[in-house]
Amino acid sequence: MVFETFEVGTVPFNSDGWGPPDASDTSSTSVAAANLLPNVPLASFSRSEKLGRVADWTRALSNPSARPPTGSKSDPSAIFDFSAFAVDEGFGLASSGGNADEDAAFRLVDGKPPPRPKFGPKWRFNQYHNRNQLPQRRDEEVEAKKREAEKDRARRDRHYNMNRNNIHQQRREAAAFKSSVDIQPEWNMLEQIPFSSFSKLSFTVQEPEDLLLCGGLECYDRTYDRITPKAERRLERFKNRSFKVTTSDDLVIRRLAKEDKATVFATDAILAALMCAPRSVYSWDLVIQRVGNKLFFDKRDGSPLDLLSVHETSQEPLPEGKDDINSAHSLGMEAAFINQNFAQQVLVKNGKREAFDEPIPNANEGEENASIAYRYRRWKLDDSMYLVARCELQSTVELNNQKSYLTLNALNEFDPKYSGVDWRQKLETQRGAVLANELKNNGNKLAKWTAQALLANADMMKIGFVSRVHPRDHFNHVILSVLGYKPKDFAGQINLNTNNMWGIVKSIVDLCMKLSEGKYVLVKDPSKPQVRIYEVPADAFENDYVEEPLPEDEQVQPPEENNTEGGGAETNEASSTNEAAEDKKPQGRA
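Residues numbered from 1 in each chain as written. Predicted model: local features only at pLDDT ≥ 70, side-chain atom pairs only at ≥ 80, totals over all residues. Heavy atoms only, no water.

**Some words on the overall build of the chain**
Part 1 of the reasoning: Along the backbone of the chain there are 14 helices and 15 strands.
Part 2 of the reasoning: For the chain, the residues scored as buried account for 41% of the 590 residues in total.
Part 3 of the reasoning: Accessible area for the chain stands at about 35,200 Å²; split by element, carbon and sulfur atoms hold 49% of it. (Helix = DSSP H or I, 4+ residues; strand = E, 2+ residues; numbered from the N terminus. Buried < 20%, exposed > 50% of the residue type's maximum accessible area, 1.4 Å probe, protein only. Areas by Shrake-Rupley, 256 points an atom, 1.4 Å probe, with all protein chains shown as cover.)

Quick look at the structure:
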């Protein structure tokens, strides 16, 4: 048997360093050349150099940005090229000396996580998982891209909703609201109260006392709770409408004032206007009469409180033309018409009506009255001050074998392009979205309805959704749905604080009780969130009082807001302005 000999190659000895000897060494040049493998690059090493990786297979795949410009993606020898790359410090050996040029070109492979950004989501590096690998995905960059995408989508939606119905029209400018009453030259401004001071007020009242219940109520028809936009009902017209007299004309309030039952008298609509004053945008006014130690809060004939505001708190302005069917005045009259007819249509028509202690005051004999009840209630504001208010109820219903009282109100849709939500499409499936949109556009009206229900101690408030048959037809309407809410729960949803409401009323009453006997007007500024109190003549707003409208250049302008907290400076300035205006007043003016 023949055995072949295995020849071991000659291993040269390098006395100057690590690895094969240099080619300059003539004694071992031939031996070193014979031991070199073909096509394998070999870097020279010395004892003073730091040893690194033999081949970096991750460099061409996970970190392509760190590849030298001379290398190529398809060059397989790039993994063996250490000429311009650093070696890992963890694999090196410390040395006491070396070449300065080589040390300047030496860099370390960064094994630390990337720095955390100052803003945005924080990327957490798991030090126990994949400890020796850098993360392949940057979470903060992904989150930043998501936020940018959300912003772009919201911007596109906002632009689409703003221009989808009037692509070729320019956006309308905000309407300049006018004062609800013309400020006459002989009026003297006494107080100017900003709404910012109302937000800090708070007053807790005790449970009120029921003094009297007048009128009669009919039962609510529960079939209207099952109305849907697909099974709508036509809104009917009724002749038995209720006429709401002001405070001082109410016969029951006059009798209670003579009996000295209270010091302050008002109606629920007037109190609701005061309680929800910070939410109001349109101008409104109240007439305050101080007679002896009594205080009466009244409304004028033709006051904005007789109508219902529509789209008051919306960002989209309404047409300014009074003859336009979508103007604020036209929509207010339409809303009042809808509200009165809706409150009569949803009742059971069987002729049965629950009568209370007395009939409706100031009702004409032989005239058919609507289903309405006046509940006169008394609150204690101070040890020697009581407030009596006339509160309204529209219907009654049996709930859990108990009689419950209801208030009936209706929201009206006139054109979906103004509100941005089509009730016929969203009301059945997205009631919450429809109600939230109405709270945005009609927040003051819904807050006043809630305040009136709380004042009347109603067990439930029914809100109907009434829409036009056609957006350009403001005479014919349909009922799309009816929803019911408990007043206290609904007040919590719309952030209506009862203590703050009574705090506003208490502050206004205390301010008016300091005034002398006479007649005053509280006016909401048409363009600023504040109210003003004017002293007016005793015959103002009477039948024989002729209120001549003045040109805008001759009307008394309110003082500048340089001293909003100092009432004395404002009063003096207003008085001097009124004196100058009285000199120019014609002799024939009342």
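**Considering the sheet that holds strand β4 (residues 264-267)**
Part 1 of the reasoning: On the basis of which strands lie adjacent, the open sheet formed by ten strands has the order β1-β15-β14-β5-β6-β4-β9-β8-β2-β7 and mixed pairing. In the strand order of this sheet, the two ends are held by β1 (188-194) and β7 (354-355), each with one partner.
Part 2 of the reasoning: Two strands pair when backbone bridges link them, and strand β2 (residues 209-217) and strand β8 (residues 372-382) are joined in this way by seven bridges, in the antiparallel orientation. Residue glutamate 209 lies in a different strand from β8, and its bridge partner there is arginine 378. (Pairing = 2+ DSSP bridges.)

**Things to note about unusual backbone geometry**
Part 1 of the reasoning: Positive phi values are uncommon outside glycine, yet asparagine 400 reaches one of about 55°.
Part 2 of the reasoning: You can see asparagine 400 is positioned in the loop between β10 (395-399) and β11 (402-413).
Part 3 of the reasoning: Overall, the relative accessible area of 74% leaves asparagine 400 in the exposed class.
Part 4 of the reasoning: The residue asparagine 401 is not glycine, and still its phi comes out positive at about 60°.
Part 5 of the reasoning: Relative to the helices and strands, asparagine 401 resides in the loop between β10 and β11.

**Thoughts on the packing of aromatic side chains**
Part 1 of the reasoning: In total, this model carries nine aromatic pairs according to the counting rule given.
Part 2 of the reasoning: Taking the centre distance of 6.2 Å and the plane angle of 50° together, the rings of tryptophan 187 and tyrosine 534 count as tilted. Note that tryptophan 187 is positioned in the loop between α4 (139-163) and β1 and tyrosine 534 in strand β15 (residues 530-536), a separation of 347 residues in sequence.
Part 3 of the reasoning: Using a relative accessible area of 1% as the deciding quantity, one classes tryptophan 187 as buried.
Part 4 of the reasoning: Accessibility expressed as a relative area gives 6% for tyrosine 534, which makes it buried.
Part 5 of the reasoning: Note on phenylalanine 265 and phenylalanine 296: the rings are 5.2 Å apart at their centroids and 15° apart in plane angle, and the pair reads as stacked. Here phenylalanine 265 is found in strand β4, whereas its partner phenylalanine 296 is found in strand β6 (residues 294-298), with 31 residues between them in sequence. (Phe/Tyr/Trp six-rings, centres within 6.5 Å; stacked < 30°, edge-to-face > 60°.)

**Points about helix α10 (residues 431-441)**
Part 1 of the reasoning: Within the span of α10, buried status applies to Val434, Leu435, Asn437, Glu438 and Asn441. The buried residues of α10 all sit within an arc of 160° when viewed along its axis, so they share a single face. (Arc of directions from axis to C-beta.)

**A closer look at the pattern of salt bridges**
Two side chains that carry opposite charge are able to pair once their charged atoms sit near each other.
Part 1 of the reasoning: The full count for this structure, using the stated rule, is 14 salt bridges.
Part 2 of the reasoning: Here arginine 353 ties to glutamate 218 by a salt bridge, and the two come within 3.0 Å at their closest N and O atoms. Remark: glutamate 218 occurs in the loop between β2 and β3 (233-234) and arginine 353 occurs in the loop between α7 (328-345) and β7; sequence separation between them is 135 residues.
Part 3 of the reasoning: A relative accessible area of 36% means that arginine 353 is categorised as partly exposed. (Salt bridge = Lys/Arg side-chain N within 4 Å of Asp/Glu carboxyl O.)

**Describing the sheet that holds β3**
Strands in a sheet are paired, the pairing made by backbone hydrogen bonds, and the direction either parallel or antiparallel.
Part 1 of the reasoning: Taken in spatial order, the five strands make up an open sheet running β3-β13-β12-β11-β10, and their pairing is mixed. A strand with exactly one partner marks an edge of an open sheet, and here the two such strands are β3 and β10.
Part 2 of the reasoning: One ladder, built from two bridges, connects β3 with strand β13 (residues 477-485); its direction is antiparallel. Counted as the bridge partner of arginine 233 is isoleucine 479 from β13.
Part 3 of the reasoning: On top of the sheet, helix α11 (residues 443-455) reaches β11 and β12 (460-468); it is set at about 165° to β11, its chief contact. (Contact = heavy atoms within 4.5 Å. Axes fitted to C-alpha atoms, helices over the stretch in contact; angles between N-to-C directions.)

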